[in-house]
Amino acid sequence: MSSPAPLVVLVGPPGAGKSAVGPLLADRLGVEFRDTDAEVGAAAGKPVSDIFIENGEEAFRELERSAVSTALGALRGRGGVLALGSGAVLDAGVQSLLDGLPDRGGLEGSSPRASTVVYLSAGFGTVARRIGLDRPRVVVPGNPRGRLRAMLDERDAIYQRLAGVTVPTDDLDPDEVADQIAAEITRK
């Protein structure tokens, strides 16, 4: 009798690799991959950035909470990999959903079917480079790099609290990250 497949939820800042690592990890584990940003965009019929601009962050967060709940409900019984948008963890409802995962505290010493939240961490320089804020730009009002740093600082503690496993992605490519997570999950 085979063990049920694991349920893995990927969290982390923009550019940490959730959307790139997720499908690779799902393939290694033989499970489905879902991405809440893609699901929110599909449900709304427009890109996530347009939802923010046209409907506001509150409307986006409501759609996102629903997408997380639906995806977790679908994957809970059969396993899977779910990538959350970087800000999803700010929502108390999403935090409650993640806190309610069985064996959420980590995989070490638990069964291979355990659920866990994996924090793909990345430093400010890595995130800035991966999302394109490392190049000289025409002066834009506001301070995009300063806002990015504040956002990363605000979210880091939440990511750490929710995660059972943390994988620094700064010096790894997506295949290496997926291999590391898969090895952690399948370790007996």
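The residue numbers shown here count from 1 along each chain, following its written sequence. Since the coordinates come from a predicted model, pLDDT governs what is reported: local features require at least 70, and pairs of side-chain atoms require 80 or more to be given and counted, while whole-chain, interface and lining totals use all residues. Hydrogens are left out, water is left out, and the side-chain values use all remaining heavy atoms of the structure.

Visitor: What's the story with the overall build of the chain in this structure? I'm lost.
Guide: The secondary structure content of the chain amounts to eight helices and five strands. Per-residue burial over the chain gives 45% buried out of 188 residues. Any two residues whose heavy atoms approach within 4.5 Å are treated as being in contact. By sequence separation, contacts in the chain at least 24 residues apart represent 74% of the contacts at least 6 residues apart. Surface exposure of the chain reaches about 9,200 Å², of which carbon and sulfur atoms provide 52%. Labels follow the DSSP assignment, with helices taken as runs of H or I lasting at least four residues and strands as runs of E lasting at least two, numbered in each case from the N terminus. Type-normalised accessible area, obtained with a 1.4 Å probe on protein chains alone, sets the label of each residue: buried when under 20%, exposed when over 50%, and partly exposed for intermediate values. Computed with the Shrake-Rupley method and a 1.4 Å probe, the accessible areas treat only the protein chains shown as cover for residues.

Visitor: Explain the environment of A43 here, please?
Guide: Structurally, A43 is set in helix 2 (residues 36–44). For A43, a relative accessible area of 65% corresponds to the exposed category. Taking the C-alpha atoms as reference points, A43 and A67, 24 residues apart in sequence, are found 8.8 Å from one another.

Visitor: Where do I start with the nonpolar core in this structure?
Guide: Nonpolar side chains in soluble globular proteins generally cluster together in the buried interior. Throughout, nonpolar core names a set of buried Ala, Val, Leu, Ile, Met, Phe, Trp, Tyr and Cys residues whose side chains join them through atoms within 4.5 Å. The biggest cluster of nonpolar side chains holds 20 residues, and the ones touching the most others in it are V9, V11, L72, L84, L98 and V117. Counting only elements with at least two residues in this core, the list comes to strand 1 (7–11), helix 4 (57–76), helix 5 (92–99), strand 4 (115–121) and helix 7 (144–162). Ranked by size, the runner-up nonpolar core spans 19 residues in total, among them V21, V31, V81 and V167.

Visitor: Where do I start with the side chain of Q95 in this structure?
Guide: By the element assignment, Q95 lies in helix 5. Look at Q95 and you get buried, because its relative accessible area is 16%. There is a polar contact of 2.6 Å between the side chain of Q95 and the side chain of R161. If sequence neighbours within four positions are ignored, Q95 has contacts with V89, L90, I158, R161 and L162. Polar contact is the term for a pair of N or O atoms within 3.5 Å; when the atoms are in protein, one must be able to donate a hydrogen and the other to accept it, and sequence-neighboring residues count only if both atoms are side-chain atoms.

Visitor: Sorry if this is basic, but what is going on with the layout of surface pockets here?
Guide: Space left empty within the atom packing is revealed by a probe, the size of a water molecule, rolled over the atoms. Only protein atoms enter the calculation, which uses a 1 Å grid: trapped sets of points that fit a 1.4 Å probe without letting it out are cavities, open sets showing protein on both sides within 12 Å along at least five of seven lines are pockets, and any residue with an atom within 4 Å of a point is a lining residue. Grid points are joined across faces, edges and corners, and a volume is the space filled by probe spheres set on the points. Size it by volume and the largest pocket reaches roughly 420 Å³. P14, D37, G85, S86 and G87 are, among the 22 residues lining the largest pocket, the residues nearest its centre. Of all the secondary-structure elements, those providing two or more residues to the lining of the largest pocket are helix 1 (18–29), helix 3 (48–55), helix 4 and helix 7.

Visitor: Where do I start with the packing of helix 1 against helix 8 (residues 174–186) in this structure?
Guide: Packed helices, taken two at a time, are described by their axes: the angle between them and the distance between them. An axis is simply a line fitted to the C-alpha atoms; with a helix, the fit covers only the stretch in contact. Between two such axes, the angle follows the N-to-C directions and lies from 0 to 180 degrees. Relative orientation of the contacting elements helix 1 and helix 8 amounts to 45°, with a least axis distance of 9 Å. With respect to helix 8, the element helix 1 is oriented oblique. Here the hand of the crossing between helix 1 and helix 8 comes out right-handed. On helix 8, the residues touching A20, V21, L24, L25, R28 and L29 of helix 1 are P174, D175, V177, A178, D179, I181, A182, I185 and T186. Should an angle lie under 35 degrees it is considered roughly parallel, over 145 roughly antiparallel, and from 65 to 115 roughly perpendicular; all remaining angles are considered oblique. Crossings are assigned a handedness: left-handed for a near helix turned anticlockwise from the far helix by less than a right angle, right-handed for a clockwise turn.

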